[in-house]
Amino acid sequence: MKFNWEGVMPAVTTKFNKDDTLDLGMFTINIEAQIKAGVHGIVLGGSLGEASTLTRDEKIILIKETVKIVNGKIPVIMTIAEQATSVAIEAVKDAEENGANGLMILPPMRYKSTDRETVAYFKTIAESTDLPIMIYNNPIDYKIEVTVDMFAELMELDNIEAVKESTRDIINIGRLRNRFGDDLKILTGVDPLALESLLIGADGWVAGLVCAFPKETVAIYELAKAGYVKEATVIYRWFLPLLELDISPQLVQNIKLAEVATGLGTENVRAPRLPLEGKERERVLKVISDGIKSRPKLPDYKNLIAVPTA
């Protein structure tokens, strides 16, 4: 499948039963809700998907299941987050063989690689496949930044096409656009900076709270891109307290509680994660409850006529 790195792409959660097995029934319900809302791709096996706790076989099952559910309607992107280059290449082959349409690649896990090592890591993986690649740039969580100069080296390879921009330095979108124009697609990866990022030129949004609120997320994207900034801003301001649940070490537990509230998931997490408790659980539940009580009425965001530009 040839696709553009544009639009809303949920970084989906992995659903578990109480006995810690994959809950493919609830997983299907969620993916189908994403498709119905109009998302533009599905990202599997990220940090929100509890990838570090998944076995190789479980990742393969999730790829196969998602490919079956989407049935060619939208692309399936598999996350590659490994410690060794050779293991990452094996994961790429698994993704290829089981129908993934693209890859999101994180820098080396656990080891804080130098700039030279990071570039070599990404290039070696990219050279092992023809699948299109999005580099995940998140120095806040992974302590490794992919600089503009490093991207210049990486883009010597034709299949490195996009970046998930999560530096939280919104100026970086301008830096990347000024250097590479439209040759590098930019998708924001920080939920509480999403609208700002889209309005200054980001092509898409790899989203987290979309897992629980797919229609609202897609509505913001479509309104912003069609020029309805005021309308997008109204929804975005309502959404902001919820979006901030994504920038927390407990983002998985937070978002899974939101999925429970909207009927799109369970709160089952895999150890060492544990469900939230005490005052923090009360706080998160209140944010979710307040958001649902004031949930906005959405316009017909799938059939917008773009605002003419001068």
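Break down the pairing of strand 4 (residues 102–105) for me, with residues and values.
Here strand 4 shows two buried faces, one formed by G102 and M104 and the other by L103 and I105. Handedness of the strand 3 (residues 76–80)-helix 3 (residues 85–97)-strand 4 crossover: right-handed. Pairing analysis gives three bridges linking strand 4 to strand 5 (residues 133–137), with the strands arranged parallel. When the bridges of strand 5 are listed, I105 appears paired with I135. Handedness of the strand 4-helix 4 (residues 115–126)-strand 5 crossover: right-handed.

Describe helix 4, and please don't skip the residues or the numbers.
The terminal C-alpha atoms of helix 4 lie 17 Å apart, and with twelve residues this matches the ideal 16 Å at 1.5 Å per residue to within 8%. Within helix 4 the residues assigned to the buried category are T118, V119, Y121, F122, K123, I125 and A126. The inward-facing, buried residues of helix 4 contact helix 3, strand 4, strand 5, helix 6 (148–154) and strand 6 (160–165).

Any chance you could break down the nonpolar core for me, citing the residues and the numbers?
L103, F151, L209 and L242 are the most contacted members of the largest nonpolar core, which has 101 residues in total. Residues in contact with L103, not counting those within four places in the same chain, are W5, I77, M78, I80, V92, A95, T129, L131, P132, I133 and M134.

So what's going on with unusual backbone geometry? Which residues, and what values?
Each neighbour pair has its own omega, and for A271 with P272 the value is 20°, a cis peptide bond. Here P272 is to be found in the loop between helix 11 (251–261) and helix 12 (278–293). Positioned with a positive phi, D20 is a non-glycine residue whose angle comes to about 80°. With a phi angle near 50°, N71 is a residue other than glycine that sits in the positive phi range.

Provide a residue-level description of the pattern of salt bridges, including the pertinent values.
In the structure shown here, the tally under the stated rule is 20 salt bridges. Here E50 and K256 are joined by a salt bridge, their closest N and O atoms 2.7 Å apart. Note that E50 is positioned in the loop between strand 2 (42–44) and helix 2 (56–70) and K256 in helix 11, a separation of 206 residues in sequence. Accessibility classification places E50 together with K256 in one group, the buried group. Through salt bridges that share partners, E6, R177, D182, K185 and D203 make up one connected network.

I'd love a proper account of the sheet that holds strand 2, names of residues and values included.
Taken together, eight strands build an open sheet; the order of strands is 1-8-7-6-5-4-3-2 and the sheet is parallel. Strands at the two margins of the open sheet, each flanked by one partner only, are strand 1 (7–10) and strand 2. Put simply, the sheet's adjacent strands are angled 25° from each other on average, direction ignored. The pairing of strand 5 with strand 6 spans five bridges and is classified as parallel. Looking at strand 6, one finds that N137 is bridged to E165. Its contacts with the sheet place helix 3 against strand 3 and strand 4, and it is angled at close to 165° to strand 3.

The rules behind these values
Residues numbered from 1 in each chain as written. Predicted model: local features only at pLDDT ≥ 70, side-chain atom pairs only at ≥ 80, totals over all residues. Heavy atoms only, no water. Buried < 20%, exposed > 50% of the residue type's maximum accessible area, 1.4 Å probe, protein only. Helix = DSSP H or I, 4+ residues; strand = E, 2+ residues; numbered from the N terminus. Right-handed = clockwise from strand over helix to strand, strands pointing away. Pairing = 2+ DSSP bridges. Expected span 1.5 Å × (residues − 1). Contact = heavy atoms within 4.5 Å. Core = buried A, V, L, I, M, F, W, Y, C linked by side-chain atoms within 4.5 Å. Salt bridge = Lys/Arg side-chain N within 4 Å of Asp/Glu carboxyl O. Axes fitted to C-alpha atoms, helices over the stretch in contact; angles between N-to-C directions.

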